[in-house]
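Residues per chain, in single letters:
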Amino acid sequence: MKNITITQPQFVTDFKCIGEACREHCCQGWNITFDKPSVNRYLNSKQLQIRTTAKAAIKITKKSPANWGEVIFSTKNSNCPFMDAAKLCSIHGILGAEALSTTCSTFPRTSRIYKNEIERSLNLSCPEVTRMLVSNKDAMALNQITDIQKNFNNAPALPLKDKIINLFCQNIFSIPAGSVEIHIYAIVKFLMVVEKIENIESGIGRLENAYHILADEIVNGKLQTELAGINQNYNLKSSIISLMQTFFKEKSHTRGGGVLQKYIEQLQQQLIGENELCSFNEIIQDIESSWLNVSEKCFDHDYYVFKNYFKYKFWQQGFPQRNGRSMLNNLYLIVAEFYFIKILLSTHELVNGSIEQDDIIDVIYSFHSTSQHNQTIQQIFHQHIEKVRCGDDLSLLQLLI
Ligand code: SF4
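Residues numbered from 1 in each chain as written. Predicted model: local features only at pLDDT ≥ 70, side-chain atom pairs only at ≥ 80, totals over all residues. Heavy atoms only, no water.

Trainee: Help me out: how do you make sense of the nonpolar core in this one?
Mentor: General note: in soluble globular proteins, nonpolar side chains tend to be found buried as a group. Judged by nonpolar contacts, the single largest core of 92 residues is most densely connected at Phe11, Leu191, Phe306, Phe310 and Leu331. The residues that make up this core include at least three from each of domain 2 (160–225) and domain 3 (226–399). Of all hydrophobic cores here, the second largest spans 16 residues; its members include Trp30, Cys80, Ile91 and Ala99. (Core = buried A, V, L, I, M, F, W, Y, C linked by side-chain atoms within 4.5 Å. Buried < 20%, exposed > 50% of the residue type's maximum accessible area, 1.4 Å probe, protein only. Domains from an automatic or database assignment.)

Structure follows, in structure tokens:
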């Protein structure tokens, strides 16, 4: 028998779907694909209601066994055709939970499977997942259990180097001082040390040393002073904002798109409508200055909300990822996303003079629902962001000031 280590953050353990009370149900407004066995099960069901709905509302695509058919959503209310009047799933109600397709039975849960480890997470496209992440300081505390299986999983082992980098990065966000931007700056410096280490086992002492120096420099304000000395790059900020606006405008009809568009329109008003006499740089400075108010009103003294957010992103994406991009390039993408979320929330605070935790939940879940609810969309989105990288991943530092 083989030991399998299962690791998951606390909020994965605690998650429960809130069903009817959900602010935007996951059975509406986006593409849902069914695997081959599920398509056949529904088309040939003995239950007339399921069979009839399946024949009318599953488009057979045969793209792969995992993607055999796509659900055709209602043009009237964007709901899944299998959703009943009480907003409950008729497949679940009539055929039972075991009849659900892989997509429907797992969302919002995700897993990364390695030879002798499984890392579990949740998708921020679910508003309840986002609420749990931003409302519990310990949401990202990692828990481990051991499961016994007959065989190891049919997958490569998690490289030790990746595991160590991820844990160090998570720990940097747990240092109880400084803003989230300072912690990201510390991670950039940490990754530059990692890049010089060829053998992780013999280099672990250097990493521990670098970690302790950075922790001291966060606490004594040295990193804050260094970060403040970096030059502004409003061209980069302008390009990211405009590129994200274009991307999300095209997604305004998908699940979460309407919610996100409300915040984007507020930003557009600020950029073009209200401030005709001000330059772009002045408007952005004005918006960015509201971030301090967002922090004061919504975060505790430890800024844990966005530290949790970054811990989540590192965990969810399996940073440093081994996806063909460099570590700094992957970090650049995470920071570019954060910058846009920060600008939307700061604009909301500037325009309304107030911000609630609900705004943070709405912006984060709708952002992820429209850009990252599956790997294909996420890849397209990241290719899109990359267009304004200015040829240098270290330009991410200019998005922190
Ligand atoms: S989005 Fe999340 S909370 Fe809402 S219905 Fe789906 S799983 Fe439940």
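Now that the structure is up, let's keep going.
Trainee: Please clarify how the pairing of strand 5 (residues 109–113) should be interpreted in this entry.
Mentor: Where a strand is regular, its side chains alternate between the two sheet faces. Sheet analysis places strand 5 next to strand 6 (residues 117–122), joined by 5 bridges and oriented antiparallel. Among the inter-strand pairings, Ser111 is bridged to a residue of strand 6, identified as Arg120. (Pairing = 2+ DSSP bridges. Helix = DSSP H or I, 4+ residues; strand = E, 2+ residues; numbered from the N terminus.)

Trainee: Explain the pattern of salt bridges to me, please; I cannot follow it from the model alone.
Mentor: Any two side chains of opposite charge can pair, on the condition that their charged atoms come close. This structure, assessed with the given rule, holds 13 salt bridges. Note that Lys163 is salt-bridged to Glu117, the shortest N-O span being 3.2 Å. Placement of the pair is Lys163 in helix 7 (residues 160–172) and Glu117 in strand 6, with a sequence separation of 46 residues. When its relative accessible area of 27% is taken as the criterion, Lys163 is described as partly exposed. Here Lys189 and Glu226 are joined by a salt bridge, their closest N and O atoms 2.9 Å apart. Here Lys189, found in helix 8 (residues 180–195), pairs with Glu226, found in helix 10 (residues 222–228); they are 37 residues apart in sequence, far enough to count as distant. We classify Lys189 as partly exposed; its relative accessible area is 25%. (Salt bridge = Lys/Arg side-chain N within 4 Å of Asp/Glu carboxyl O.)

Trainee: Before we go on, may I ask you to explain the side chain of Asn329 in this structure?
Mentor: Its location among the elements puts Asn329 in helix 16 (residues 327–352). By relative accessible area, which is 7% here, Asn329 ends up buried. Here the side chain of Asn329 touches Asp393 through a polar contact of 3.2 Å, side chain to side chain. (Polar contact = N/O pair within 3.5 Å; in protein donor to acceptor, adjacent residues only side chain to side chain.)

Trainee: Could you clarify how one ought to interpret the confidence of the model for the protein chain in this entry?
Mentor: Low pLDDT means the predicted atomic positions in that stretch should not be read closely. Per-residue confidence for the protein chain gives a mean pLDDT of 90; residues scoring 70 or more make up 96%. For the protein chain, per-element mean pLDDT is lowest for helix 18 (residues 375–386), which scores 75, and highest for strand 6, which scores 97. (pLDDT = per-residue confidence, 0-100.)

Trainee: For this particular structure, what's the right way to read the packing of aromatic side chains?
Mentor: Two descriptors summarise a pair of aromatic rings, namely the distance from one centre to the other and the angle between the planes of the rings. All chains considered together, the criterion is met by 18 aromatic pairs. Aromatic pair Phe310 and Phe338: ring centres 5.0 Å apart, planes at 70°, arrangement edge-to-face. Here Phe310 is found in helix 15 (residues 304–316), whereas its partner Phe338 is found in helix 16, with 28 residues between them in sequence. Judged by its relative accessible area of 0%, Phe310 is buried. Through a chain of ring-to-ring contacts, three or more aromatic side chains come together here, namely Phe173, Trp291, Phe306, Tyr309, Phe310, Phe314, Phe319 and Phe338. In this structure, Lys36 packs its charged tip against the face of Trp68, placed 4.6 Å from the ring centre. Positioned over the ring face of Phe152 is Lys115, at 5.0 Å from the centre of the ring. (Phe/Tyr/Trp six-rings, centres within 6.5 Å; stacked < 30°, edge-to-face > 60°. Lys NZ or Arg CZ within 6 Å of the ring centre and 35° of its normal.)

Trainee: Help me understand the sheet that holds strand 7 (residues 142–149), please; the structure alone is not making it clear to me.
Mentor: Adjacent strands of a sheet pair through backbone hydrogen bonds, lying either parallel or antiparallel. The strand order across the open sheet formed by 4 strands is 5-6-1-7, and the pairing between neighbours is mixed. Looking at strand neighbours, the two that pair on one side only are strand 5 and strand 7, the edges of this open sheet. On average, each strand axis in the sheet is inclined to that of its neighbour by 25°, with strand direction left out of account. As defined by bridge partners, strand 1 (residues 2–9) adjoins strand 6 across 3 bridges and the pair is classed as parallel. Bridge pairing in strand 6 links Ile6 to Ile118. (Axes fitted to C-alpha atoms, helices over the stretch in contact; angles between N-to-C directions.)

Trainee: Would you take a moment to explain helix 9 (residues 200–219) for this structure?
Mentor: Given 3.6 residues per turn, any residue in an α-helix points the same way as the ones three and four places further on. Counted at 1.5 Å a residue, the expected span for helix 9 with its 20 residues is 28 Å, and the 27 Å between its end C-alpha atoms agrees. Of all the bends in helix 9, the largest measures some 25° and sits at Arg206. Along helix 9, the residues that are buried comprise Ile200, Gly203, Leu207, Ala210, Tyr211, Leu214, Ala215, Glu217 and Ile218. Residues of helix 9 that are buried in the fold lie against helix 7, helix 8 and helix 10. The distance from a side-chain oxygen at the start of helix 9 to the backbone nitrogen of Glu201 is 2.8 Å, and the residue carrying that oxygen is Asn199. Count one or two residues on from helix 9 and you reach Gly221, which has phi positive near 90°. (Expected span 1.5 Å × (residues − 1). Bend = angle between axes of the 7 residues up to and from the residue. Contact = heavy atoms within 4.5 Å.)

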